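Below, each chain spelled out in residue letters.
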Amino acid sequence: MKTCLVVDDSSVIRKVARRILEGLDFKIEEAEDGEQALTACKRQLPEAILLDWNMPKMDGFEFLRMLRRMPGGDGPKVVFCTTENDVAHIARALHAGANEYIMKPFDKEIVEAKFQEVGLI
Amino acid sequence: MTPHDFDYLRKLLRERSGLVLSAEKQYLAESRLVPVARRHSIATLGDLVGKLRSGENSSLATDVVEAMATNETFFFRDKVPFEHFTQTVMPALIAARAREKHIRIWCTAASTGQEPYSLAMAIRGMNAALAGFRIEIVATDISAEVLARAKAGIYSQFEVQRGLPIQLLVRFFSQVGETWQIAPEIRDMVQFRSLNLLKDFSPLGTFDMVFCRNVLIYFDQETKIDVLNRIARQMPEQSFLALGAAETVVGLTDAFKPMTDRRGLYIPNAAKRVTPPSNILKFALKA
Ligand SMILES: C[S@@+](CC[C@H](N)C(=O)[O-])C[C@H]1O[C@@H](n2cnc3c(N)ncnc32)[C@H](O)[C@@H]1O
């Protein structure tokens, strides 16, 4: 079973994402911000990361840059999931090493399509 | 709507578009036709069927057929057919058409355009191999409404997130408010035309690759056979047909045969080709 780290400061979003991803057979870890996510990744790298952009302490973009510099940090597939729905943000995310990008609001179908796209399912 | 009205509607749909509506779909019909009735200022669905019967308003019948057609589609739907397209079909056609340097592709039921635009984007991704080739993509559909949307090439955020890799969104779309518009370079690769598959389509000419996906499923057996056989007549040797995941030629016609290891992909059956000139010749030799 693959593990997905869900990083979002909203507990509601984390809950929705958990339900969707568990339905797709993922084991879920949660983090409330980039710092917590980084700690989780240092402990063990997940196969997938669903990542919000705007979060307190460390935002998703900053987290991604740190992750990609960690040993083995290019392993996890990172799918942004954010309300930053403009081309400039998307381009920055891709440049920093994101694999896919979901614009909120999202639903199961979109998550499934994007996870398929990057070969996670 | 009385059962009698519903029967009339089913007959009309079948005659005009080939769409088969099963008897238990009355609820679906009603929910889709209420907005049509409203648009035409008709009070009840009974009245709507009455007007259809009287034949006084031909645009009403067109609207009814359009409302009943399922237009569901998305970019790179089912993914695999597009991999077959770039990895199997195009390399074969590039070799087979090396002299003419002209390849014609037909999407027979293009709906709102995601399928032909996916092909156009896939073709853009293989530029080097196609140097000097002229590629035509003809996209047809029975519904004027979906074709208008296809031509505009404007999609909602939801639509561009179903099947379209994010890199392609960034490369080939521009953001217009909350929507996304396909780039002119992709849009200009596709010619959209209105066409009913039940009618003669031979004037469209011949095609090296035909996508006929997720439309045969709505037709009855006889119509499927007829449409497939007529498509076969528009296809030269060394050409390809792609059907939808729930569709096949098997048991319907031997004008095509499935390709081994390429699910959903078919080629014209050379042995079964109906070529009148050579038949005439054989006859003449015998005599
Ligand atoms: C489910 S969509 C398929 C779209 C696309 N080919 C795909 O696979 O995603 C079916 C389309 O067939 C069209 N259609 C239905 N009957 C037709 C007919 N008799 N001739 C041409 N198009 C037809 C509908 O208008 C609709 O847009």
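Residues numbered from 1 in each chain as written. Chains lettered and ligands numbered in written order. Predicted model: local features only at pLDDT ≥ 70, side-chain atom pairs only at ≥ 80, totals over all residues. Heavy atoms only, no water.

Enquirer: Help me get a handle on the site of the ligand, residues and values and all.
Expert: All names here are of chain B. Lining the immediate surroundings of the ligand are 22 residues, of which Ser17, Thr73, Arg77, Asp141 and Asn214 lie closest. Take alanine 109: an N or O atom from its main chain is 2.7 Å from a nitrogen atom of the ligand. Between the ligand and arginine 213, the relevant distance is 3.0 Å, taken from a nitrogen atom to a main-chain nitrogen or oxygen of the residue. Contact with the protein chains hides 99% of the accessible area of the ligand, taken as 600 Å² for the molecule alone. Along the lines of polarity and charge, the residues of the shell around the ligand split into 9 nonpolar, 8 polar and 5 charged. (Near = heavy atom within 4 Å. Polar contact = N/O pair within 3.5 Å; in protein donor to acceptor, adjacent residues only side chain to side chain. Areas by Shrake-Rupley, 256 points an atom, 1.4 Å probe, with all protein chains shown as cover. Nonpolar A, V, L, I, M, F, W, Y, C, P; charged D, E, K, R; others polar.)

Enquirer: Now, about the pattern of salt bridges: what can you tell me, with residues and values included?
Expert: Residues and elements named next belong to chain A. Per the counting criterion, the structure on display carries 22 salt bridges over all chains. The partner of arginine 18 in a salt bridge is glutamate 22, and the shortest N-O contact between them spans 2.8 Å. Residue arginine 18 and its partner glutamate 22 are both found in helix H1 (residues 11-23); the two are separated by 4 residues, about one turn of the helix. On the basis of relative accessibility, which here comes to 28%, the residue arginine 18 falls in the partly exposed class. Taking the shortest distance from any N to any O, the salt bridge between lysine 27 and glutamate 29 comes out at 3.5 Å. Given the relative accessible area of 32%, glutamate 29 is considered partly exposed. One salt-bridge network, held together by shared partners, links Arg14, Arg18, Glu22 and Glu30. (Salt bridge = Lys/Arg side-chain N within 4 Å of Asp/Glu carboxyl O. Helix = DSSP H or I, 4+ residues; strand = E, 2+ residues; numbered from the N terminus. Buried < 20%, exposed > 50% of the residue type's maximum accessible area, 1.4 Å probe, protein only.)

Enquirer: Which residues make up the interface of chain B and chain A, and what values do they have?
Expert: Between chain B and chain A, the residue contacts involve 15 residues of the former and 19 residues of the latter. Regarding the contact of chain B and chain A, the summed buried area is about 1500 Å², with carbon and sulfur atoms giving 56% of it. Counting the contacts that link chain B with chain A gives 1 salt bridge. Two residues, glutamate 109 of chain A and arginine 162 of chain B, come together in a salt bridge whose shortest N-O distance is 2.4 Å. There are 9 residue pairs in polar contact (both at pLDDT 80 or more) connecting chain B and chain A. Looking at the side of chain B that touches chain A, the elements that each hand over two or more residues are helix H8 (157-160) and helix H9 (166-172) of chain B. The dominant element in the side of chain B that touches chain A, judged by the number of residues it contributes, is H9 of chain B, at 4 residues. (Contact = heavy atoms within 4.5 Å. Buried area = accessible area lost by both parts, 1.4 Å probe.)

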